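Single-letter residue listing:
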Number of protein chains: 2
Amino acid sequence: MSASLLEQLIESLRVLPGVGQKTAQRMAYHLLEREREGGRHLSAILAESIEKIGHCAQCRDFTEGELCAICASGSRDRHLLCCVESPADRLAIEQATGYRGVYYILQGRLSPLDGIGPRELGLDKLGERLQQGEVSELIIATNPTVEGEATAHYLAQLARQHGVTPSRLAHGVPLGGELEYVDRGTLSHAFGSRSEMV
Amino acid sequence: MSASLLEQLIESLRVLPGVGQKTAQRMAYHLLEREREGGRHLSAILAESIEKIGHCAQCRDFTEGELCAICASGSRDRHLLCCVESPADRLAIEQATGYRGVYYILQGRLSPLDGIGPRELGLDKLGERLQQGEVSELIIATNPTVEGEATAHYLAQLARQHGVTPSRLAHGVPLGGELEYVDRGTLSHAFGSRSEMV
Ligand SMILES: [Zn+2]
Ligand SMILES: [Zn+2]
């Protein structure tokens, strides 16, 4: 006998991060018992999102347009470019600090063993942008992990090659931690006391 | 400015149980970054499930057909009827015990303050079924909570009215606990040592 629709629903919910068999089952029952309208809405928005959300042509953040809201804004300081690993990190900095510059989202970090090199992170395009001369400071906000640090050093070199000052968030972000989960106060402080990379 | 599609996706994911803002955000990024195919599949299955999955005409469990697989089966013992609160409890018993009878799923429990009375749980239909004479034992497997116990007493009375023997799972299921989360061994033992309600 082929899997029932309910079994297929439970299985398909496991695509969500951190959702195992038991949680998927609870989610399926919850949607069918109490949230059919919300589930219908989720299904529609999810399909539309996957179809329409792509990457910003300038910063690689998620956006449904050609440019994201920040890159399209006329009120951001284009001399400051902050480089983060993920859209979640970009959002964390945006929410925690008063930063008014723009961003570059790597959508990953250098990880040679996983086949993720400079090209996969769009660093050729980043280099071209630094070359254009508008950016004066590259704020490197990769995570303080081994791979994040290696990526930071690569980015600092890239910046210097193009005459741009690289800086790094101040210590205060816990070592080995994930930027996305740092509390706002710590993140804001670390952002404010960033120092030039030497 | 109206909410972006990404913001709408994050918001709509919060319909899932136990999913707050931070988790919804992580799920949305994960789907867009790494699981677009799985997300597309989830969207399709979710819409189809909500449209097609209804309740079994005999036991009220979820099913896409007129009858669920258990009620439609020719190899289950129809003299034994096990009454549970939810499809998840039905599944837990089915997976943990060797039970070969059939089920009745209340889809809730008596809760007068929430406006959930015998009619909302389909107890009129259950009464008709007990009246037909095929069922000899009503195994009451509601949760050992205050409302579950009240529901059990109501069900036991209903059974006796129709000349059916009510029984209750043996103690062993922790008081105040949820059947769905009981380990298999405990649940199997409790099921096997159920006793007639007096
Ligand atoms: Zn952008
Ligand atoms: Zn059924």
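Above this text is the structure in question.
Residues numbered from 1 in each chain as written. Chains lettered and ligands numbered in written order. Predicted model: local features only at pLDDT ≥ 70, side-chain atom pairs only at ≥ 80, totals over all residues. Heavy atoms only, no water.

1. Notes on the pattern of salt bridges
Residue and element names in this part refer to chain A.
(1) Moving on: For the structure on display, the rule yields 14 salt bridges over all chains.
(2) Moving on: In this structure, the salt-bridge partner of glutamate 149 is arginine 168, at a minimum N-O distance of 3.3 Å. One end of the pair, glutamate 149, is in helix H7 (residues 146–161); the other, arginine 168, is in strand S6 (residues 165–168), and 19 residues separate them in sequence. (Salt bridge = Lys/Arg side-chain N within 4 Å of Asp/Glu carboxyl O. Helix = DSSP H or I, 4+ residues; strand = E, 2+ residues; numbered from the N terminus.)

2. Concerning the interface of chain A and chain B
(1) Moving on: Each partner contributes residues to the interface: chain A has 45 residues there, and chain B has 45 residues.
(2) Moving on: When the two sides are added together, the surface that chain A and chain B hide from each other amounts to roughly 4800 Å², 71% of it contributed by carbon and sulfur.
(3) Moving on: Applying the counting criterion to the chain A and chain B interface returns 7 residue pairs in polar contact (both at pLDDT 80 or more).
(4) Moving on: Broken down by secondary-structure element, the contributors of at least two residues to the side of chain A that touches chain B are helix H1 (5–13), helix H2 (21–34), helix H3 (36–52) and helix H5 (87–96) of chain A. (Contact = heavy atoms within 4.5 Å. Buried area = accessible area lost by both parts, 1.4 Å probe. Polar contact = N/O pair within 3.5 Å; in protein donor to acceptor, adjacent residues only side chain to side chain.)

3. A few points about the relation of the copies chain A and chain B
(1) Moving on: With an RMSD of 0.0 Å, chain A superimposes on chain B once it is rotated by 180° and translated 0.0 Å along the axis. Viewed as a symmetry operation, the transformation between the two copies matches a two-fold axis. Closest approach to the rotation axis within chain A is made by the C-alpha atom of A:Ser43, at a distance of 2.2 Å.
(2) Moving on: Same-surface contact between copies: 100% of interface residues of chain A are shared with the interface of chain B. (Least-squares fit on C-alpha atoms with pLDDT ≥ 70 in both.)

4. Brief notes about unusual backbone geometry
(1) Moving on: Backbone geometry at A:Arg60 places phi at a positive 70°, although glycine is not the residue there.
(2) Moving on: A residue is classified by how much of its surface remains accessible, and A:Arg60, at 19% relative accessible area, is buried.
(3) Moving on: A positive phi is found at B:Gln107, a non-glycine position, where the angle reads about 60°.
(4) Moving on: Locating B:Gln107 in the fold gives a position in the loop between strand S4 (101–105) and helix H6 (123–131).
(5) Moving on: The partly exposed category is assigned to B:Gln107, whose relative accessible area is 22%. (Buried < 20%, exposed > 50% of the residue type's maximum accessible area, 1.4 Å probe, protein only.)

5. Regarding the side chain of B:Arg90
Residues and elements named next belong to chain B.
(1) Moving on: With respect to the helices and strands, arginine 90 occurs in helix H5 (residues 87–96).
(2) Moving on: Using a relative accessible area of 14% as the deciding quantity, one classes arginine 90 as buried.
(3) Moving on: The residues touching arginine 90, leaving out its near neighbours within four places in the chain, are Asp61, Ile70, Val84, Tyr103 and Ile105.

6. Here we look at the environment of B:Lys22
(1) Moving on: You can see B:Lys22 is positioned in helix H2 (residues 21–34).
(2) Moving on: The spatial distance from the C-alpha of B:Lys22 to the C-alpha of B:Ile10 is 9.0 Å, given a sequence separation of 12 residues.

7. Some thoughts on the coordination of the zinc ion (ligand 2)
Residues and elements named next belong to chain B.
(1) Moving on: For the zinc ion (ligand 2), the protein coordination sphere consists of Cys56 (SG), Cys59 (SG), Cys68 (SG) and Cys71 (SG), at 2.2 to 2.4 Å.
(2) Moving on: Every donor counted, the 4 donor atoms about the zinc ion (ligand 2) form angles of 104 to 120° at the centre, which fits tetrahedral coordination.
(3) Moving on: Expressed as a motif, the donor residue spacing for the zinc ion (ligand 2) is C-x2-C-x8-C-x2-C. Residue cysteine 68 shares its accessibility class with cysteine 71, and that shared class is buried. (Donors = N, O, S within 2.8 Å, 3.2 Å for Na, K, Ca; no water. Tetrahedral: all angles 85-135°; square planar, octahedral: opposite > 155°, others 65-115°.)

8. Digging into the coordination of the zinc ion (ligand 1)
All names here are of chain A.
(1) Moving on: Summarising the metal site, the zinc ion (ligand 1) is bound by the protein donors Cys56 (SG), Cys59 (SG), Cys68 (SG) and Cys71 (SG), whose distances to it range over 2.2 to 2.4 Å.
(2) Moving on: Between the 4 donor atoms coordinating the zinc ion (ligand 1), the angles at the centre fall across 105 to 119°, so the site counts as tetrahedral.
(3) Moving on: Within one chain, the residues donating to the zinc ion (ligand 1) are spaced in sequence as C-x2-C-x8-C-x2-C.

9. Section: the packing of helix H1 (residues 5–13) of chain B against H2(B)
Residues and elements named next belong to chain B.
(1) Moving on: Where H1 contacts H2, the axes come no closer than 8 Å and their chain directions differ by 125°. Taken together, the axis directions place H1 and H2 in an arrangement best described as oblique. Crossing handedness for the pair H1 and H2: right-handed. On H2, the residues that touch Leu6, Leu9, Ile10 and Leu13 of H1 are Gln21, Ala24, Gln25, Met27, Ala28, Tyr29 and Leu32.
(2) Moving on: Residues belonging to the contact of H1 with H2 are distributed by class as follows: 9 nonpolar, 2 polar and no charged. (Axes fitted to C-alpha atoms, helices over the stretch in contact; angles between N-to-C directions. Parallel < 35°, antiparallel > 145°, perpendicular 65-115°, else oblique. Left-handed = near helix turned anticlockwise from the far one by under 90°. Nonpolar A, V, L, I, M, F, W, Y, C, P; charged D, E, K, R; others polar.)

10. Points about the environment of B:Cys56
Residues and elements named next belong to chain B.
(1) Moving on: Mapped onto the fold, cysteine 56 is located in the loop between strand S1 (54–55) and strand S2 (62–63).
(2) Moving on: You can call cysteine 56 buried: its relative accessible area is 2%.
(3) Moving on: With 10 residues separating them along the chain, cysteine 56 and glutamate 66 place their C-alpha atoms 5.8 Å apart.
(4) Moving on: Setting aside residues no more than four positions away along its own chain, cysteine 56 makes contact with Asp61, Thr63, Glu66, Leu67, Cys68 and Cys71.

11. Notes on the packing of aromatic side chains
(1) Moving on: The full count for this structure, using the stated rule, is 4 aromatic pairs over all chains.
(2) Moving on: Here A:Tyr29 and B:Phe62 contribute two aromatic rings whose centre-to-centre distance is 5.8 Å and whose plane-to-plane angle is 15°, an arrangement assigned as stacked. Here A:Tyr29, found in helix H2, pairs with B:Phe62, found in strand S2, and the two come from separate chains.
(3) Moving on: Under the relative-accessibility criterion, A:Tyr29 is labelled buried at 6%.
(4) Moving on: Sitting over the face of the ring of A:Tyr103, A:Arg90 holds its NZ or CZ atom 6.0 Å from the ring centroid. (Phe/Tyr/Trp six-rings, centres within 6.5 Å; stacked < 30°, edge-to-face > 60°. Lys NZ or Arg CZ within 6 Å of the ring centre and 35° of its normal.)

12. Some points on helix H7 (residues 146–161) of chain B
Residues and elements named next belong to chain B.
(1) Moving on: Between the first and last C-alpha of H7 there are 23 Å, a value that for 16 residues agrees with the 22 Å anticipated at 1.5 Å per step.
(2) Moving on: What H7 keeps buried is the set Gly148, Thr151, Ala152, Leu155, Ala156, Leu158 and Ala159. Summarising the axial view, the buried residues of H7 lie within an arc of 160°, below the 170-degree limit, and thus occupy one face. Exposed side of H7, more than 90 degrees from the buried face: Val146, Gln157 and Gln161 are the residues found there. (Expected span 1.5 Å × (residues − 1). Arc of directions from axis to C-beta.)

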